[in-house]
Amino acid sequence: MGYDSKSTAQKPHWWHVKDIGERLRYTVGKPEYEQWWQDIRDYAELAVSERLPVLTFEAFREFGDTGGREQYERIYFDRRGRIGALAMMVLLDSPSAQNGRTVQEWAQGEHSLSDNNRKQQRKREDSLLHKNEGEEVSPSLVYIHILEEALWDLCGEYTWCLNAHLPAESPYPVWEELDLFAAETAGMLAELTVLLNGKVDHRIIQRMRDEVQRRVLLPAADPSRTFGWETAEHNWSAVCGAGCGIAALLLLEQPAQTQVLERMTRAAAHFLNGYGEDGGCAEGLGYWVYGFGYYTYFMDMLSAAGLDKQQTMNDPKIKAIAAFPEYMHLSAGKFVNFSDSGEEEILPPGLLSRLTELTGKPYSLPFVMPALREDPCRRWGHLLRNILWAEPRFFAVPGAVDTDRSMSEAAKVTAWDEAQTEAVYHRSGGEIPGADAQEDHEHGGLFNHYWHDLCWLVSRAELHMQTEYNMTSRETADTGDKAAFITVEAHISELEVSTTEVHISESAVSTTAGYPSESTDHEKAMYIAQSSLMSHKFTAALATKGRHNDEPHNHNDLGSFIVHAGGENIFCDLGAGMYTQSYFAPGREQILNISSAGHSLPQINGCEQYSGRAAAAIVEHVQTGDHEVKFGLDLTAAYPAAAGLKRMNRNFHWKINDNKQEINLYLQDHFQFAQLSSESSRYDISVYKETEYHTQNLPKTITENTTSNTKAAKMMTINDAEELIDMKNTIDPTDTKSTTTTTYTTGKVNALANELQAGEERLVSQFNNTEENIKRTAVNQVIERLISHVRPVVHAHELIWTGERAEIRLQIPEEQYNVEVETIDHYDHDGRPIVVYRTSLTVRKEWMIELPMQELHCNLEFAIRPLL
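Chemist: Teacher, can you tell me more about the overall build of the protein chain here?
Modeler: When its secondary structure is counted, the protein chain shows 23 helices and 22 strands. Per-residue burial over the protein chain gives 56% buried out of 868 residues. Restricting the contact set of the protein chain to residue pairs at least 6 apart, pairs at least 24 apart contribute 74%. Here the protein chain has roughly 37,800 Å² of accessible surface; of this, 49% comes from carbon and sulfur atoms.

Written as structure tokens, this is what we have:
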């Protein structure tokens, strides 16, 4: 394959920046980019002061030997991160005569520039290597030297794939395998080949070009080879297609370029097929960033090169996909994290800025420039485009998203907008409402979005809370009846600026001279107390989901839900677990993050949800309004046949309370059982059983009473009674064949039989009376579960989850449930230890005896309130 830099660099706007050097220097002087650049400098200095970490065989073999991935990936990504930081410093510090050229200008004068620069490069090398001790060396020369060494080393890696992605057996050399990160590396080196030409040694440029062709472009152009990701409808087809496609755009000439590009655009089309017309990403927000981000980078460059005949980025579906992060944001930087995502995802501002230019829709999210080292994978694609494309003017724009009309016309589904310092919501299809509209909704409301293809629902409740606040200090008050002043302490300062909106009445700051002269101190104080109102915005949100358990990065979580309040997900989704070999292997359903046991879902007769497209949730109804939302699911098919279900329905009723001071969630699970799940456990039910609460959070008096009741209660099961009767009827006391055993057994039976005789008629009568109910309900066990990062306080009739700025209260019918709170030590996606609390509400079996045949209703009522 040949390389024609002139023919592939004829477009001056590959990256939509006319002068890259000028753009970089512009951002250095802006406060919005200051921390970003500081991180780049610090990382580059680290690369200078420390040797490049080595991808050792010990690290490589870890995945095959133990299934671990952390050691190899930490080194792998750090190597690429250092190259990214060094490249940025070289591009920034390069002489303006070179750095200021457009790609087109560079192409026209490439040969003369290259010849001159080769000579200059030799001089720089000699100067750098022969500096006397104590003499200063130009930082840019140091960066260039370290960057060249790092690039040379990267080109010599055994494979650009992650060790976890290599096939167990393959007819091809390991360096020709193509995974996500081999493609990313190819795309990075192709861009650096263009951007660094004339700035680093020409032999580095040649080595990068050769390795990209040998490892990636030749296999991608080979018609006899196929890759599984080419037809995948998830992030692999987008990222692999983008890396290979960008490399082909920048490094190949015809006809090889067309051959590779056609193949990669087909892969990109498969990726887009994974999205419905609603724009929802089943993989979760993190993989929206990854997959759709790289899809955008590739298709955008393809369009800039004039090779996107379909004008893909003008598709209306792209606009719907681009809006996905807006609707997934809850408040205070927390997102819905279904599938393998995190609550706090890094959204590349360069990507969002470019999408704004393409779709015409800015974002209401705050402008944030994430540091390179905040990205665990140190992705060059995001790094470069963040600094070239990110524009604060495209963020924190009120009315940025149109009202969603994807549901029935009667359903008001409202978009939301959160500005940099406060959330501002509009109902008028993206137009900023006037004062009248704002006044109509002074108490807030619900702002809903439903993805009709994805079957995900997010409903954000906003309340404008008002608290009396005394604006007059005690020191400045008149020396009259100070006790007459009504002082109401409002701890508004605890609320984040981003989630707080403060309004103070002008009258609150009036001096006493503004009062009628005849007003008494008491009247003045009452006036201040009544007119000085501080209001703040309180946001709570519900997110829940349907569809099926065969999604990419699937979790068995149909019907699970998140409750967000006061800036945190109190009822949470654990999101992505730590990636190991077992995380993507058969049996992965046993991992807490993936299993329904790690979600706010019931366990039914010991069964969890199962995997597969047949495990589906049918959306029965979706009703939305300004103050309440109803969402109903049929979850029967989500559980295996062993659960014994004839039907299971889960219904959510989310509403703003009439008093406008709290939000309520009414959760109703309706179970209908088809049959007894196991005859062997038919009589596994206690006749007497006291309430089983964990006592560590109970008041002392309740703990003592519970302990007393436990000691006093005599536990006897039906199995115990049957054992006594069977032993009494089958053992002959006169049999002396085995004297020792018979004597022991006979004595035991006689003693137990005597004990049983006194109450036998009562027990038998009781068993006979309840036998039918036992047969109907004894084996049907239901355990409702709630997952949280917050440990609830357990009271006799109430559970309370208290977050930093909000609480959730759940009233518990003592006679219906036994309550257990488990403390689970776990790890997050990055391997950091976390603590998870799983609250289990086990339906008491003796309570179920009174229920109708094979039917159970579990009704849970939650109250979500701000802490003031």
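Chemist: Looking at this model, I keep getting lost on the sheet that holds strand β18 (residues 798-802). Mind explaining?
Modeler: Hydrogen bonds between backbone groups are what pair the strands of a sheet, and the pairing can be parallel or antiparallel. Taken together, nine strands build an open sheet; the order of strands is β8-β12-β13-β14-β15-β22-β19-β18-β17 and the sheet is antiparallel. Strand pairing shows two members of the sheet lacking a second neighbour, β8 (547-549) and β17 (793-794), which therefore form its edges. With five bridges connecting them, β18 and strand β19 (residues 806-811) associate as antiparallel partners. Counterpart to tryptophan 801 in the pairing with β19 is isoleucine 808.

Chemist: Honestly, the packing of helix α8 (residues 139-155) against helix α10 (residues 202-221) in this entry has me stumped. Any pointers?
Modeler: The packing of two helices is summarised by the inter-axis angle and the distance between the axes. Running from N to C, α8 and α10 cross one another at 25°; their axes reach a closest spacing of 10 Å. Between α8 and α10, the crossing angle belongs to the class labelled roughly parallel. α10 is crossed by α8, and the crossing has left-handed handedness. Where α8 abuts α10, its residues Glu148, Leu151, Trp152 and Cys155 lie against Arg203, Ile204, Arg207, Met208, Glu211 and Arg215.

Chemist: Looking at this structure, I do not really get the pairing of strand β21 (residues 833-843). What am I missing?
Modeler: Residues in a regular strand project their side chains so that they alternate between the two faces of the sheet. Buried residues dominate β21, accounting for eight of its 11 residues. Pairing of strand β16 (residues 782-788) with β21, which is carried by six bridges, proceeds in the antiparallel orientation. Looking at the pairing, arginine 785 lines up with serine 840 of β21. Two elements, strand β20 (residues 817-827) and β21, share 11 bridges in a ladder whose sense is antiparallel.

Chemist: Even after reading the chapter, I still don't get the confidence of the model for the protein chain, so can you show me in this structure?
Modeler: Interpretation of this model should avoid reading the predicted coordinates in detail wherever pLDDT is low. This prediction gives the protein chain a mean pLDDT of 77; 67% of its residues lie at or above 70. Ignoring residues within four places in sequence, the model shows residues 469-519, a span with pLDDT below 50, making 83 contacts including any to other chains. Segment residues 677-749 is flagged for pLDDT under 50; beyond a separation of four residues in sequence, or across chains, it makes 94 contacts in the model.

Chemist: Looking at this structure, how should I read the packing of α8 against helix α9 (residues 180-195)?
Modeler: For the pair α8 and α9, interaxial distance at closest approach is 12 Å and the crossing angle is 140°. If you check the angle between α8 and α9, you find them oblique. Where α8 crosses over α9, the two elements pack in a sense that is left-handed. Judged by residue contacts, Leu151, Leu154 and Cys155 of α8 engage Thr185, Met188, Leu189 and Leu192 from α9. For the contact of α8 with α9, the residue count by class is six nonpolar, one polar and no charged.

Chemist: How should the nonpolar core be read in this particular structure?
Modeler: Counting 140 residues, the largest nonpolar core has Trp15, Trp37, Leu189, Leu192, Trp288, Phe292 and Tyr295 as its most contacted members. Grouped together as the second largest cluster of nonpolar side chains are 59 residues, Cys607, Phe631, Tyr639 and Ala806 included.

Chemist: Where do I start with the pattern of salt bridges in this structure?
Modeler: Any two side chains of opposite charge can pair if their charged atoms end up close together. Tallied over the full model, the rule gives 40 salt bridges. Put simply, glutamate 191 and arginine 385 hold a salt bridge, and the shortest N to O gap is 2.5 Å. With glutamate 191 in helix α9 and arginine 385 in helix α17 (residues 380-389), this residue pair connects regions lying 194 residues apart in the sequence. Arginine 385 carries the same exposure label as glutamate 191, and that label is buried. Close ionic contact of aspartate 557 with lysine 545 constitutes a salt bridge, the shortest N to O distance being 2.9 Å. Taken as a pair, aspartate 557 in the loop between β8 and β9 (561-565) and lysine 545 in strand β7 (residues 533-545) lie far apart in primary sequence, 12 residues in all. Like aspartate 557, the residue lysine 545 is buried in the burial classification.

Rules and cut-offs
- Residues numbered from 1 in each chain as written.
- Predicted model: local features only at pLDDT ≥ 70, side-chain atom pairs only at ≥ 80, totals over all residues.
- Heavy atoms only, no water.
- Helix = DSSP H or I, 4+ residues; strand = E, 2+ residues; numbered from the N terminus.
- Buried < 20%, exposed > 50% of the residue type's maximum accessible area, 1.4 Å probe, protein only.
- Contact = heavy atoms within 4.5 Å.
- Areas by Shrake-Rupley, 256 points an atom, 1.4 Å probe, with all protein chains shown as cover.
- Pairing = 2+ DSSP bridges.
- Axes fitted to C-alpha atoms, helices over the stretch in contact; angles between N-to-C directions.
- Parallel < 35°, antiparallel > 145°, perpendicular 65-115°, else oblique.
- Left-handed = near helix turned anticlockwise from the far one by under 90°.
- pLDDT = per-residue confidence, 0-100.
- Nonpolar A, V, L, I, M, F, W, Y, C, P; charged D, E, K, R; others polar.
- Core = buried A, V, L, I, M, F, W, Y, C linked by side-chain atoms within 4.5 Å.
- Salt bridge = Lys/Arg side-chain N within 4 Å of Asp/Glu carboxyl O.

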